[in-house]
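# Observations on the three-dimensional arrangement
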Number of protein chains: 2
Amino acid sequence: MRESLIAAAFQLFLERGFEQTTIDDIVALAGVGRRSFFRYFPTKEDVVFPDHERCLTDMTEFLQQQSPDGDPVAHVCDAARLVLRMYGENPAFSVQRYRLTKKVPGLRAHELSVVWRYERTLAEYLRARYAARPDGTLRADVIAASVVAAHNHALRSWLRSGGRGDAIKDVDHALDYVRDAWSEDPAGRGIDGRDDKEDVIVLISRRKAPMWRVIQGIEAALDEA
Amino acid sequence: MRESLIAAAFQLFLERGFEQTTIDDIVALAGVGRRSFFRYFPTKEDVVFPDHERCLTDMTEFLQQQSPDGDPVAHVCDAARLVLRMYGENPAFSVQRYRLTKKVPGLRAHELSVVWRYERTLAEYLRARYAARPDGTLRADVIAASVVAAHNHALRSWLRSGGRGDAIKDVDHALDYVRDAWSEDPAGRGIDGRDDKEDVIVLISRRKAPMWRVIQGIEAALDEA
């Protein structure tokens, strides 16, 4: 019944427009009663984004299950991938919804509030992980915003293209970009984001350090290779 | 008249609640006609955020005036400070509005849409500046989101505190945090954010480079100091 309500709603939104479609129109086309609609969807906006609540719950659970010793930036990047996975479950529906959302200010506002909830979910996790750090809450908020922006950059490109191309690869690339900037455990990536662990070293030294100490540092880094 | 409409609206929002106040109530208290209200404010939400349109215009103009050779990250940080300046023009009003916005979902949604427009203004500027870079649009979107998150982190702390403390100092600190992470021209800051340009060098080298080339690189870096 939930699926037939979603299908009826989208058919009418595309035919008549979102504002011109009433909940009565939707339940009539789906052949169900008005109360059935509200059993699944609090508002007309929610029928456009039927899976975000589930995805938000999945994201919270996923983060709770991660090792407290793991790289927090990597974990929030993985959590963001759950959103892409949801969009990828039904690409045609996702593309239709994207086009509709762009046209209807009320849906755009609803989508922004959903994006904000994802961002807060990631930020709350990071705030707990960074609780002992100076600037921990600032770091958490900025990284959460970076991750959401990178994910949505790639997701929206894919939706704009009509669902062509490799969304997973593009989202991975965008999230790696953020992870390289913020992670303190960048998992074998070079400083410029290429997978070239094998041929880059980075040395940081006090400028006034004696040259023998600098060379000793280089030799130690090379030995570790 | 604009100011008296804002004052009347806030008095009623605080006394009766936002949803329970009509535009007719506001114009009656302000002693003006209904058409006067709509001359200044398209909706009831806009009377709560009366200066964002001006601030968005100021932000766009400010960015257009910046040198095309300057550090783009520094320029968007400075542009974000215009928002703080607007909030600081009337701290008591800003704190009242913050408390009201937290309580009213419709205002919260409206605020998110305003924040989104600031973020897009910064991102469009950065996209133009990074047009020639690979990943230029990704970099632009992520930096814009980081700057907005850092600014709002500090702004909201200040609003939550009831407008106590030094908002300018806190916003500067938060924006420096982002600038240190993303800028390629970090204005005399060390890699860890301390002002210690004088005693840190960073050398990046291919791991397989011969030692003489590594040492040559260090010597060249020291000579540049």
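Just so we're clear, the structure is a prediction, and the values are computed from it rather than from any experiment.

### Details of the overall build of chain A
Secondary structure assignment for chain A yields 11 helices and one strand. Walking chain A from its N terminus toward its C terminus, one meets helices and strands in the order α-α-α-α-α-α-α-α-α-α-β-α. Relative to its full complement of 225 residues, chain A shows a buried share of 30%. Within chain A, contacts between residues at least 6 apart in sequence are counted, and of these 56% link residues at least 24 apart.

### Notes on the environment of Cys-55 of chain A
All names here are of chain A. Within the fold, Cys-55 resides in helix α5 (residues 52-65). Along the primary structure Cys-55 and Leu-107 are separated by 52 residues, whereas in three dimensions their C-alpha atoms are 18 Å apart. Beyond its immediate stretch of four places on either side in the chain, Cys-55 contacts Leu-82, Val-83 and Met-86.

### Here we look at the packing of helix α6 (residues 72-89) of chain A against helix α9 (residues 136-160) of chain A
Residue and element names in this part refer to chain A. It is the contact of α6 with α9, at a shortest axis distance of 10 Å, that shows an interaxial angle of 35°. Both α6 and α9 take part in a crossing whose hand is right-handed. Counting all contacts with α6, which are made through Val-73, Val-76, Cys-77, Ala-80, Val-83, Leu-84 and Tyr-87, the residues of α9 involved are Ile-143, Ala-144, Val-147, Val-148, His-151 and Leu-155. Residues that form the contact of α6 with α9 fall into these classes: 12 nonpolar, one polar and no charged.

### Looking at α9 of chain A
Residue and element names in this part refer to chain A. For α9, spanning 25 residues, the distance from its first C-alpha to its last is 36 Å, which sits close to the expected 36 Å at 1.5 Å a residue. For α9, the buried fraction is high: 20 of the 25 residues fall into the buried class. Downstream of α9 by a residue or two, Gly-162 has a phi angle that is positive, lying close to 80°.

### Here we look at the packing of α9 of chain A against helix α9 (residues 136-160) of chain B
Between α9 of chain A and α9 of chain B, the least distance of the axes is 8 Å, while the angle of their chain directions is 150°. Considered as vectors, α9 of chain A and α9 of chain B are oriented roughly antiparallel to each other. As for how α9 of chain A packs across α9 of chain B, the hand of that crossing is right-handed. Between α9 of chain A, through Thr-137, Leu-138, Asp-141, Val-142, Ala-145, Ser-146, Val-148, Ala-149, Ala-150 and His-153 of chain A, and α9 of chain B, the contact on the second element is made entirely by Thr-137, Leu-138, Asp-141, Val-142, Ala-145, Ser-146, Val-148, Ala-149, Ala-150 and His-153 of chain B. The residue inventory of the contact of α9 of chain A with α9 of chain B, partitioned by class, reads 12 nonpolar, six polar and two charged.

### What to know about α6 of chain A
Residues and elements named next belong to chain A. With 18 residues, α6 should cover 26 Å at 1.5 Å per step; its first-to-last C-alpha distance of 26 Å lies within 8% of that length. Those residues of α6 that fall on the buried side of the exposure criterion are Pro-72, Val-73, His-75, Val-76, Cys-77, Ala-79, Ala-80, Val-83, Leu-84 and Tyr-87. Considering only its buried residues, α6 is in contact with α5, α7 (91-103), α8 (105-129), α9 and α10 (167-182).

### Regarding the nonpolar core
Ranked by size, the top nonpolar core spans 70 residues in total, and within it Val-76 and Val-147 of chain A together with Val-76 and Val-147 of chain B carry the most contacts. When sequence neighbours within four positions are dropped, the list of residues in contact with Val-76 of chain A reads Leu-122, Tyr-125, Leu-126, Ile-143, Ala-144 and Val-147 of chain A.

### Re the confidence of the model for chain A
For residues with low pLDDT, the predicted coordinates do not support detailed interpretation. Residue and element names in this part refer to chain A. Summing up the model confidence of chain A, the mean pLDDT is 87 and the portion of residues at 70 or higher is 84%. The secondary-structure element of chain A with the lowest mean pLDDT is strand β1 (residues 200-206), recorded at 60, while α9 shows the highest, at 98. For residues 188-199, every residue scores under 50 in pLDDT, and the model assigns this stretch 17 contacts once sequence neighbours within four places are set aside. What the predictor reports for the complex is a pTM of 0.81 with an ipTM of 0.80.

### As for unusual backbone geometry
Here Asp-135 of chain A, not a glycine, exhibits a phi torsion of approximately 65°, which is positive. Inspection of the secondary structure assignment puts Asp-135 of chain A in the loop between α8 and α9.

### What to know about the environment of Trp-116 of chain A
Residues and elements named next belong to chain A. By the element assignment, Trp-116 lies in helix α8. By C-beta crowding, Trp-116 is classed as partly exposed, having 17 other C-beta atoms within 10 Å. Along the primary structure Trp-116 and Ala-145 are separated by 29 residues, whereas in three dimensions their C-alpha atoms are 9.2 Å apart.

Parameters and conventions
Residues numbered from 1 in each chain as written. Chains lettered and ligands numbered in written order. Predicted model: local features only at pLDDT ≥ 70, side-chain atom pairs only at ≥ 80, totals over all residues. Helix = DSSP H or I, 4+ residues; strand = E, 2+ residues; numbered from the N terminus. Buried ≥ 20, exposed ≤ 12 C-beta atoms within 10 Å, placed from the backbone. Contact = placed C-beta atoms within 7 Å. Axes fitted to C-alpha atoms, helices over the stretch in contact; angles between N-to-C directions. Left-handed = near helix turned anticlockwise from the far one by under 90°. Nonpolar A, V, L, I, M, F, W, Y, C, P; charged D, E, K, R; others polar. Expected span 1.5 Å × (residues − 1). Parallel < 35°, antiparallel > 145°, perpendicular 65-115°, else oblique. Core = buried A, V, L, I, M, F, W, Y, C linked by C-beta atoms within 7 Å. pLDDT = per-residue confidence, 0-100.

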